[in-house]
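These are the residues of each chain, in order.
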Amino acid sequence: MQYKRAFLTLLAVILLGLAGGAGLNLLVDPFHLLHRPLWGPPRFSGNQRYQNAGLINSYLAADLGFDTLVIGTSLESAFGAARIKDKLGTGRVLVLTMDGSLPMERSALLERAFQTGKVRRVLWGVFHNYTDMESDRTSLEYAFPYGLYREPLSLPGLDALWHYLLNGWVFNKSVALVAGTSKWSTDMTGLYNWNAQKIRDRVFESFNSPESLAQHTMDLSRGKAMIAWARQNLAQAGEVPFPALDKHLVQVVQRHPEVRFDIVFTPLSALAFHLFTPAELMRQIGMQQHLVRVLGREPNVRIFAFQDDVEVTGNLANFWDTMHSSYLVSDRVVDAIAEDRHRLTPENVDAYLARFLDWLYHYEVYSDRERSLWPTADTAQDLR
Amino acid sequence: MGGGPLASSNARVFQIGVCMLFNSHLFIFLFLPLALGIYFFACAMSHRVGVYALITASLVFYACYDTRYIALMLSSILFNYGISCLLARSLGGTASLRRRLLVTAGVGLNIALLGYYKYTDFFITNVNSVFGATFALQHILLPLGISFFTFQQIGYVVDVYKGENSPPHLSEYGIFVLFFPHLVAGPIVHNKEIIVQFQDDTLKTPRWANLYEGLALFCVGLFKKVALADTFATYVGPGFDGAAPHFLLAWGSSLAYTMQIYFDFSGYSEMAIGLACMFNIKFPQNFNEPYRALDIQDFWRRWHMTLSRFLRQYLYIPLGGNRKGWGRTLLNLFITFLLGGIWHGASWCFVIWGVLHGAGIVAHRLWSQRGLRLPKPLAWGATFLFVNVAWVFFRARTLDAALAVLGGMVGLNGVLLPKSLAALAPLLPSLKLSDRPFVLDALVVVALVDVALRPWKDILERYVPGGLRPAGYAGLFLVAIFCGNKISEFIYFQF
């Protein structure tokens, strides 16, 4: 009898503890995976890999007018939802970018979003890791919760949900939200926009300091020979396989002819291309040729590239590292898409790349804040 | 960047499709209650139906890892059972030629199977390296648990050969090998202690005492694995997987691994023993505070005790044990530990680990023979230090990595001050600060917990009911479930 009581007590405490913890997580649901907040204003986490699953489940899937997505990495995080809606005339826009994300992660997210049946348009930033030879590469550093992007009623979906509810990390977030100590943002549209002026300015100053510019000059001189070689071998660049690009972008697009895709090669600084290895540079170039070749004639696809926008790419003062630019550059990209400028087609892609490589070969380090798109303290928007 | 290390480890939970580790939710909340319920329900119908139900559950459990080798495992069971039946029918003692041939075929084929799956690429790599050959590596996938189910079956065949056992019903033999709590990573159970329990009709109904003790033990094991082993694991990588770790990092990482492997494997063993207990099956103890050992022989009486028992019974004694003179005894001991090291894996690091322990045992024997004794603290320190250094080879992926860590431990890679000791920086101006984690704080916590729990150790380990103890075990379980932000594999699964 003593053991019976002990066993039942042990079991009861376990069950009560599980029910209590899971119950709080279910009720608060900090990442909005199951429902929008039952009370108070919604708060959103900057942890994109988790928050995006909730944005899809509880906002995109609901009848709230969302029909356009921004997909990409930190390079596209500054794309303004309101600007896209205004300029492109879309419904409400969800920015579902993920910093440092991989091709397989972005396609998993998109396929889940398509399951809602709400997506009409996608603005898709093409990051350089689409050149991966390993199509299904995963990241251990920023592991992606694939289970949260499965159909909620599937076995993996239920398994992930179970783990979500019985999760101490999620429990801590729930407690913080209930206690009112959470510092999560209440602004969904500018959620991932890096607009912390002080930090951004500090990084900008560092990237454009005299010491850094001297280093950039050295990097540039080392890259010249590679650029020259790339110019001579431009024709062959696209004649190699691009498994990650094909599987996680091309095929996704081809599976969804009902959706309109604006595929964007977001502008990088001229310096970025000098820092690639020769093989990487050729794959960057080849990827653009390949993508235009296979998707350039699809009626629901437009492809945009901005490396020839030299006012942006040539002025390092637009950037806070070799790839990340001011959010005003993102605005400029959105405007160009709205006006159908900077489009790549099968007819113009080779000429575009040849022109770009010529310019790149002759490029000298240039940083002019006065002529940059870098916001000043007066012009910076408070997107938070 | 979105998410930190915690979020990152969290995500791994959501990446796994069907995962049946003891610490997985699927196992704890679905498989285990179902298996228990079905087993006792089937036992109520008949003894045999209960055994078949448990075999089915165990096959489902194994299939969740990999279905590809189920046929191999079942073939291995049928083969060994067939050999044992033939042995049982053969007349004559161990001197009978037919029996000798049968046992040689039985043991030989088991070893060949293990050798093929586990050591083929190791063999090819070394042949290529020594003779400059270019044989292609086979990249053979290691069947999960092969080292364990092969050893157990070798023991069984040898026992039948020696006339110490006779074949039971095939289903009872099958459940002895397949019983899921020990199937993939031990403990290495002995046929005599397990089969007889499955034959006992009085053990076919649930017992409150066993359910309670089993669940309590499972909670303790789960906590050890998730809260302790996985925490130490985070300190191990920076030293072992980076280049040339500095002095404190090398020591921190090696100590962290020493703790990780203990909490991981002893936690796993306790979960396995607890699970079996819930089914009214008693498994042997596998760990007995090994890091309190005062010499290396003492260590092996406390660490992976079922492996030590197997090696003694089926390797050391057949080699001649201590019956063939002093020199031969030392040689037999050395061979036993060398082969024990190789059993753990196909790499020179495991060979060296086995050689170190073999040499340590031999040195201990020579030392003891001279009647020499160290003061207890010194004996403990020397033993712990030796074990810790040997674990470096066990953990390192390559010999170079092991030597880099050992080089760091003797100061060859310089000294950096960990961030957690930054307060000491003004006192040690010559030291630079390192941005790597340091294991000292975690070690201090474990030491304090160990010291604090020591007086209640016997009470805790006897799992006596009453008081707040059931709630305490439940607390350990809940901490493990809610704070286990990832499902990590058990270290011994790779063997």
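Given the structure is predicted, the values throughout are model-derived calculations rather than measurements. (Residues numbered from 1 in each chain as written. Chains lettered and ligands numbered in written order. Predicted model: local features only at pLDDT ≥ 70, side-chain atom pairs only at ≥ 80, totals over all residues. Heavy atoms only, no water.)

1. Structural notes on the domain arrangement of chain B
Residues and elements named next belong to chain B.
Then comes step 1: Assigned domains within chain B: domain 1 (5–206) and domain 2 (230–489).
Then comes step 2: Each side of the interface is counted separately: domain 1 has 51 residues, and domain 2 has 37 residues.
Then comes step 3: Carbon and sulfur atoms make up 72% of the area that domain 1 and domain 2 hide from each other, which totals about 3800 Å².
Then comes step 4: Across the domain 1-domain 2 interface, the total number found is one salt bridge.
Then comes step 5: With its nearest N and O atoms 2.7 Å apart, the salt bridge here joins Glu193 to Arg309.
Then comes step 6: Viewed at the interface, domain 2 and domain 1 are joined by 15 residue pairs in polar contact (both at pLDDT 80 or more).
Then comes step 7: Sorting the residues of the side of domain 1 that touches domain 2 by element identifies helix H1 (5–15), helix H2 (25–45), helix H5 (97–131), helix H6 (146–161), helix H8 (180–183) and helix H9 (191–199) as the ones contributing at least two each.
Then comes step 8: Examining the composition of the side of domain 1 that touches domain 2, we find that nine residues originate from one element, H2, more than from any other.
Then comes step 9: In terms of residue class, the side of domain 1 that touches domain 2 is built from 34 nonpolar, 13 polar and four charged. (Domains from an automatic or database assignment. Contact = heavy atoms within 4.5 Å. Buried area = accessible area lost by both parts, 1.4 Å probe. Salt bridge = Lys/Arg side-chain N within 4 Å of Asp/Glu carboxyl O. Polar contact = N/O pair within 3.5 Å; in protein donor to acceptor, adjacent residues only side chain to side chain. Helix = DSSP H or I, 4+ residues; strand = E, 2+ residues; numbered from the N terminus. Nonpolar A, V, L, I, M, F, W, Y, C, P; charged D, E, K, R; others polar.)

2. Quick look at the pairing of strand S4 (residues 260–265) of chain A
Where a strand is regular, its side chains alternate between the two sheet faces.
All names here are of chain A.
Then comes step 1: The buried fraction of S4 is high, at five of six residues.
Then comes step 2: Pairing between strand S3 (residues 121–125) and S4: five bridges, direction parallel. Opposite Val122, over in S4, you have Phe261 as the bridge partner.
Then comes step 3: For S4 and strand S5 (residues 301–305), the ladder comprises five bridges, and the chain directions are parallel. (Buried < 20%, exposed > 50% of the residue type's maximum accessible area, 1.4 Å probe, protein only. Pairing = 2+ DSSP bridges.)

3. A few points about the nonpolar core
Then comes step 1: With 241 residues, the main nonpolar core has Trp124(A), Ile263(A) and Phe27(B) as its most contacted residues.
Then comes step 2: Top contributing element to this core by residue count: helix H11 (residues 247–278) of chain B, with 16 residues.
Then comes step 3: Residues from two domains meet in this core; each of domain 1 (5–206) and domain 2 (230–489) of chain B gives at least three.
Then comes step 4: Setting aside chain neighbours within four positions, we find Trp124(A) in contact with Ile71(A), Leu110(A), Tyr130(A), His248(A), Leu249(A), Val252(A), Val253(A), Phe261(A), Asp262(A), Ile263(A) and Val264(A). (Core = buried A, V, L, I, M, F, W, Y, C linked by side-chain atoms within 4.5 Å.)

4. Brief notes about unusual backbone geometry
Residues and elements named next belong to chain A.
Then comes step 1: At Asp29, a position not held by glycine, the phi torsion is positive, near 45 degrees.
Then comes step 2: Looking at where Asp29 falls in the secondary structure, it is placed in the loop between helix H1 (2–28) and helix H2 (48–60).
Then comes step 3: Taking relative accessible area as the criterion, Asp29 reaches 0% and is therefore assigned buried.
Then comes step 4: In this structure, His32 is a non-glycine residue whose phi angle is positive, near 60 degrees.
Then comes step 5: Following the sequence through the fold, His32 ends up in the loop between H1 and H2.

5. With respect to helix H6 (residues 168–179) of chain A
All names here are of chain A.
Then comes step 1: Taking 1.5 Å as the rise per residue, H6 with twelve residues should run 16 Å; its terminal C-alpha atoms sit 16 Å apart, in good agreement.
Then comes step 2: Turning to H6, its buried residues are Gly168, Trp169, Val170, Ser174 and Ala176.
Then comes step 3: Capping the start of H6, Asn167 holds a side-chain oxygen 2.8 Å from the backbone nitrogen of Trp169, two or three residues further along.
Then comes step 4: Gly180, located one to two residues past H6, shows a positive phi value of around 80 degrees. (Expected span 1.5 Å × (residues − 1).)

6. Here we look at the pattern of salt bridges
Then comes step 1: Taken as a whole and assessed by the stated rule, the structure comprises 31 salt bridges over all chains.
Then comes step 2: For Asp241(B), the salt bridge goes to Arg395(B), with nearest N and O atoms at 3.3 Å. Pair noted here: Asp241(B) is in the loop between helix H10 (208–240) and H11 and Arg395(B) is in helix H16 (residues 376–395), with a separation of 154 residues, a long-range link.
Then comes step 3: The exposure class of Asp241(B) is partly exposed, given its relative accessible area of 45%.
Then comes step 4: Since its relative accessible area comes to 15%, Arg395(B) is described here as buried.
Then comes step 5: Linked through salt bridges whose partners overlap, the residues forming this network are Arg121(A), Asp262(A), Arg302(A), Asp340(A) and Arg343(A).

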